[in-house]
Amino acid sequence: MYTKDGESYFIVDAHIALWDARPENIRNVQGQQFIDCFYDYHANLSPESEVWPKEEYLYQGGERLMKDLFTDGYVDHAIFQPAHLGEFYHRGFGQTDEASALAAQHPDKLTYNHNFDPRNGEAGLDQLRADAERFGLKGVKLYTAEWHGDSRGWKLDDPMAYRYFELCRELGIRNIHIHKGPTIRPLDRDAFDVADVDHVATDFTDLNFIVEHVGLPRLEDFCWIATQEPNVHGGLAVAMPFIHTRPRYFAQIMGELLYWIGEDRIQFSSDYALWTPRWLIEQFVDFQIPEDMTEYAPLTTAQKKKVLGLNAAKMYDIEVPAELRLPEADETETGPRQPEAADLASV
Amino acid sequence: MATLIAARSSTGEVTQDAVRRALDVVFDPELDEPITDLGFVRSVDIVGQDLEVHLRLPTSFCSPNFAYLMASDSQDALCALPGVGRVVVELDDHHDSAIINHGLATDAGYKGTFRHEAEKGLDELRRTFQVKAHTAAMERCLTALLRADEALAESALGDVMLADLPDGPEKASLLRRRTTLGLGCHASARVMVDEHGVGHEPDQVPMALRRARSTRISIDGNAHFCRGLLRTRYPGSGDDQTRRVDGEEPSDPTFIPLSDLKEHPR
């Protein structure tokens, strides 16, 4: 919990990882390039005081994770969203055993989501059943740009993927977190194309689809799809740190999200260990839309509370102290939210 | 070496400057900017009539289809230079560097380069981003108009004609993108149109403007993030980047406050 100026915020960090990119786990040049890319994101978008040395960035371990999130980071509950990346790392990038054991040890603080890959076919379906039982899955993290033998990407509306979503439905796995791209197949199309999200969201209305990175770098395509589908949500992984280096861009991201999908469908995350939650939460609570951006209404405290934790807590049935809860906004299920709340024409 | 070659320009040989000017026509389709402005040209080596150009990108995982487009467009632009001999274009430090560089060296084309992963071609992809670039340019012009004229109603924007826009870089940029899409640039043409030149009913205008705005925000945000990542990845590469005003922030080295821009319109 974070408290500032008499207001208390229940914090759910909805996208975290426990990864291992130490040299002994790196399988090929792509594995090296992948962690290098993450580190450049970290170094480019963090405040100077929050930049870690590269060697600390390769692996954190459970103890460090618990400290960064729960001791120092104000987080009440966090959700693992592991990327497998078996083609790049010998034992995978997200550490399944270590992360799930940590979650089992701290069930009040941690939820473990796992992943699946429809290119694993029938055997993968059996594996998903086993994983659902082993981890008690409420959600999965899907990365459509995962490499898999000759195939370097898949689509959510591939016929085999539908078999997996049907199984998710049967197993009670309701929360489907999606990281779109850069997906190489089909190479003719935009690698960050989100059209397949539209199809699955329409065909599986009883599942929640949380598009991570709020569709970045295709914020506009994400907003357009999400505004039409009441079961599509936006995860702020990677969008959050812009609050520091590019606050005007961050204000626009928040303004667009509130306009197109509304305050009840946006989820905070630090994307740990890409970034740590403490500074992000502190800056978000202090954040306001710049005054000259009259095309957006100011952010309210209630909106901040929902984004920082209440929205994800609701999706995951995480118990929130009664005094910290808020009712849902009285907003339309689809289409722009409260379009009259801001008006550029009045500048 | 660069100075020596530049000094030889009067003799009609291929020069550093000529090479970079030739590369000015190569755009990053996604960010809608020349690769020379983005700092993506890492090196230009000239030996006699022969050229070797290296390109660099903000991450190893930038989309390979865009990476390929920029590299092959560069090769095409350089081969068209008068008096040029052998042209080698290489993309450095990308996860598909080996595939793309081999494809360029053997003139394999898109399908020959990516084999089973390529289907038809990249024309549709290019077009998708030309449409986005036009949408963003249109929104910049219309929002500027709204900010400048308090009496102008948002719903009236559908009737704004090209002649109503003040001359300046924003209008020039819109006209260039209209031309790319084949929309025509007659003074009486409507500004607020889709990629087929079709306008909007008055009650649809505010939503269409909002949608266009999200496209503009996205392109500007991506452009600055990619520029920043390049500077992080290749220290010193910022010296090769030119200023991008759209989406600029106080943290950018070249930032000029909006109030100054208002007093001295560009």
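It should be emphasised that the depicted structure is a prediction, and the values quoted were computed from it without experimental measurement. (Residues numbered from 1 in each chain as written. Chains lettered and ligands numbered in written order. Predicted model: local features only at pLDDT ≥ 70, side-chain atom pairs only at ≥ 80, totals over all residues.)

1. Description of the overall build of chain B
Next, step 1: Helices and strands together make up the secondary structure of chain B, namely ten helices and five strands.
Next, step 2: Counting only C-alpha atoms and orienting by the principal axes, one finds that chain B spans roughly 60 × 45 × 35 Å.
Next, step 3: Every one of the 266 residues in chain B was classed for burial, and the buried ones make up 41%.
Next, step 4: Sequence-distant contacts, at least 24 apart, represent 64% of the contacts inside chain B between residues at least 6 apart. (Helix = DSSP H or I, 4+ residues; strand = E, 2+ residues; numbered from the N terminus. Buried ≥ 20, exposed ≤ 12 C-beta atoms within 10 Å, placed from the backbone. Contact = placed C-beta atoms within 7 Å.)

2. Here's the deal with the overall build of chain A
Next, step 1: Scanning chain A from terminus to terminus reveals twelve helices and ten strands.
Next, step 2: Taking 2.2 N^0.38 as the reference for a compact globule, 347 residues should give roughly 20 Å; the C-alpha atoms of chain A span a radius of gyration of 19 Å, in line with that estimate.
Next, step 3: For chain A, the spread of C-alpha atoms along the principal axes amounts to about 55 × 40 × 40 Å.
Next, step 4: Relative to its full complement of 347 residues, chain A shows a buried share of 51%.
Next, step 5: Taking the intrachain contacts of chain A between residues at least 6 apart in sequence as the baseline, contacts between residues at least 24 apart amount to 76%. (Rg over C-alpha atoms; globule rule 2.2 N^0.38 Å.)

3. Topic: the domain arrangement of chain B
Residue and element names in this part refer to chain B.
Next, step 1: Domain boundaries assigned for chain B yield domain 1 (2–117) and domain 2 (124–233).
Next, step 2: If you average the C-alpha positions of domain 1 and of domain 2, the two centres end up 30 Å apart.
Next, step 3: Between domain 1 and domain 2, the contact holds eleven residues from the first and twelve residues from the second.
Next, step 4: Split by residue class, the side of domain 1 that touches domain 2 holds five nonpolar, three polar and three charged. (Domains from an automatic or database assignment. Nonpolar A, V, L, I, M, F, W, Y, C, P; charged D, E, K, R; others polar.)

4. Side note on the sheet that holds strand β4 (residues 77–80) of chain A
Residue and element names in this part refer to chain A.
Next, step 1: Within the open sheet, the three strands sit side by side as β3-β4-β5. Their pairing is parallel. Strand pairing shows two members of the sheet lacking a second neighbour, β3 (12–16) and β5 (110–112), which therefore form its edges. Adjacent strand axes in the sheet meet at a mean angle of 15 degrees, parallel and antiparallel pairs treated alike.
Next, step 2: Of the strand pairs in this sheet, β4 and β5 are connected by three bridges, and their pairing is parallel. Looking across to β5, one finds that F80 is bridged to Y112. (Pairing = 2+ DSSP bridges. Axes fitted to C-alpha atoms, helices over the stretch in contact; angles between N-to-C directions.)

5. A few points about the UniProt feature "domain: MIP18 family-like" (unreviewed entry) in chain B
Next, step 1: The sites that UniProt annotates as "domain: MIP18 family-like" (unreviewed entry) are residues 17–88 of chain B.
Next, step 2: For residues 17–88 of chain B, the end-to-end C-alpha separation is 17 Å, with 38% helix and 26% strand making up the annotated structure. (UniProt positions renumbered as here; feature names shortened; annotations may be inferred.)

6. Thoughts on the pairing of β3(A)
Residues and elements named next belong to chain A.
Next, step 1: Of all five residues in β3, five are buried; the element is thus mostly enclosed.
Next, step 2: Pairing analysis gives three bridges linking β3 to β4, with the strands arranged parallel. Each bridged residue has a counterpart across the sheet, and for V12 the counterpart in β4 is H77.

7. Notes on the environment of B:R177
Residues and elements named next belong to chain B.
Next, step 1: Mapped onto the elements, R177 comes out in helix α8 (residues 169–181).
Next, step 2: A C-alpha to C-alpha distance of 7.7 Å links R177 and A137, two positions 40 residues apart in sequence.
Next, step 3: The contact partners of R177, leaving out residues within four places of it in the chain, are A133, H134 and A137.

8. Details of the environment of A:C223
Next, step 1: Considering the arrangement of structural elements, one finds A:C223 in helix α8 (residues 219–226).
Next, step 2: Among the residues examined, A:C223 registers 27 C-beta atoms within 10 Å and is labelled buried.
Next, step 3: Once the C-alpha coordinates of A:C223 and A:W260 are considered, the two residues, 37 residues apart in sequence, prove to be 5.8 Å apart.
Next, step 4: Those residues in contact with A:C223 that sit more than four places away from it in its chain are A:E256, A:W260, A:I261 and B:S214.

9. So, the interface of chain B and chain A
Next, step 1: Counting residues at the interface gives 40 residues for chain B, matched by 35 residues for chain A.
Next, step 2: Residue composition of the side of chain B that touches chain A, by class: twelve nonpolar, 18 polar and ten charged.

10. Thoughts on the confidence of the model for chain B
Residue and element names in this part refer to chain B.
Next, step 1: Residues at a pLDDT of 70 or more form 91% of chain B, whose mean pLDDT is 91.
Next, step 2: A low-confidence stretch, residues 1–10 (pLDDT under 50), is modelled with eleven contacts involving residues beyond four sequence positions or located in other chains.
Next, step 3: Note on residues 262–266: pLDDT under 50 across the span, and three contacts to partners over four residues away in sequence or across chains.
Next, step 4: What the predictor reports for the complex is a pTM of 0.94 with an ipTM of 0.94. (pLDDT = per-residue confidence, 0-100.)

11. Points about the sheet that holds strand β7 (residues 175–179) of chain A
Residue and element names in this part refer to chain A.
Next, step 1: Strand order in the open sheet made by the five strands is β6-β7-β8-β9-β10, with parallel pairing throughout. Edge positions in the open sheet fall to β6 (139–143) and β10 (266–267), since each of these has one partner strand only.
Next, step 2: Here strand β9 (residues 232–235) pairs with β10 via two bridges, running parallel. What sits directly across from G234, in β10, is I266.
Next, step 3: Its contacts with the sheet place α8 against β8 (208–211) and β9, and it is angled at close to 150 degrees to β9.

12. Some remarks on unusual backbone geometry
All names here are of chain A.
Next, step 1: In this structure, P186 follows R185 across a cis peptide bond, with omega equal to -5 degrees.
Next, step 2: Position of P186 relative to the elements: it lies in the loop between β7 and α7 (195–203).
Next, step 3: Residue A273 is bonded to the preceding Y272 through a cis peptide linkage, with omega at 5 degrees.
Next, step 4: Here A273 shows up in the loop between β10 and α11 (277–286).
Next, step 5: Even without a glycine there, the phi angle at V214 is positive, about 35 degrees.
Next, step 6: By the element assignment, V214 lies in the loop between β8 and α8.
Next, step 7: A count of 26 C-beta atoms within 10 Å places V214 in the buried class.

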